Amino acid sequence: MHFAPDTDEALEFVVALSNTVPTASRSGVDEIATPSELTALLDAFGYSGRFDRDEAELVAVLDARDRLRGVFVMDRDAAVAEVNLMLREVGALPQLVRHDALDWHLHATDLTAPLADRIRVEAALALVDVLRSDEMGRLRTCEAFDCDGVLVDLSRNGSKRFCSVRCGNRMNMVAFRARAAAGDLTS
Ligand SMILES: [Zn+2]
Ligand SMILES: [Zn+2]
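My aim in this report is to walk through the structure given alongside it, one point at a time. In every chain, residue numbers begin from 1 and rise along the written sequence. The naming scheme follows written order: chains are lettered A onward, ligands numbered 1 onward. Only residues with pLDDT of at least 70 get local features here, since the model is predicted, and only at 80 or more are side-chain atom pairs given and counted; chain-wide, interface and lining totals rely on the full set of residues. Computation of side-chain values: all heavy atoms of the structure, hydrogens and water removed.

### A word on the side chain of Asn19
Stage number 1. Runs of E in the DSSP output that reach at least two residues are strands. Runs of H or I that reach at least four are helices, and both are numbered from the N terminus. Inspection of the secondary structure assignment puts Asn19 in the loop between α1 (5-18) and α2 (35-44).
Stage number 2. Here a polar contact is recorded for every N or O atom pair within 3.5 Å, except that within protein the pair must consist of a potential hydrogen donor and a potential acceptor, and residues adjacent in sequence are included only if both atoms are side-chain atoms. Among the polar contacts made by the side chain of Asn19, one reaches the main-chain amide nitrogen of Val150 at a distance of 2.8 Å.
Stage number 3. Those residues in contact with Asn19 that sit more than four places away from it in its chain are Ala24, Ser25, Arg69, Gly149, Val150 and Cys163. We call two residues in contact when some of their heavy atoms are within 4.5 Å.

### Some points on the nonpolar core
Stage number 1. We define a nonpolar core as any set of buried Ala, Val, Leu, Ile, Met, Phe, Trp, Tyr and Cys residues linked to one another through side-chain atoms lying within 4.5 Å. Partly exposed residues are those whose accessible area sits between 20% and 50% of the maximum for their type, while under 20% is buried and over 50% is exposed, using a 1.4 Å probe and protein chains only. In terms of nonpolar packing, the biggest core is built from 39 residues, with Leu11, Leu17, Leu42, Val61, Leu115, Ile119 and Leu139 touching the most fellow members.
Stage number 2. Only α1, α2, α3 (55-71), α4 (76-89), α5 (115-132) and β4 (150-152) provide two or more residues apiece to this core.
Stage number 3. No other element matches α5, which puts 11 residues into this core.
Stage number 4. Apart from residues no more than four positions distant in its own chain, Leu17 is found in contact with Ile32, Leu41, Val61, Arg65, Leu68 and Ile119.
Stage number 5. Counting 9 residues, the second-largest nonpolar core is a separate cluster that includes Ala24, Cys147, Phe162 and Cys163.

This is the structure we're talking about:
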């Protein structure tokens, strides 16, 4: 299943941002602990507009990360309230824009607005699509018991369970070992 292209992309960014926390990241440490690490993440997603690349911006983005992570464990009505709040806080004004290599897509803040505001609003716009399609079930937390990762499941049958291949492989190994251990006891 897919939403509009810019919605899919915004959701993938929210997941990537959310999974930089130490309890979900591959490295086990905060993966946006410095402005340059944040820059690398934004570059990977082709993020445009204003970057201050300073500590104040980073702190604001970390706060946005916490709020966006929170949406993944909300029910639909709570998520609606949070999304409406995020849009209201910055006076979001949806406009179709075309820039760089990108076809018409939605912006709701000026490109000179603070980065953390733009991240929240872009995420909120994507979540508007998810909520009005009644697809909040596509936003989930990773089923690995030792992972705080989140995921957006855009697969056709909605069968994605883990935030990453890494978590899927690790949990398969855990299950395999458990079966092997059980086999040892009964043989
Ligand atoms: Zn754009
Ligand atoms: Zn995971």
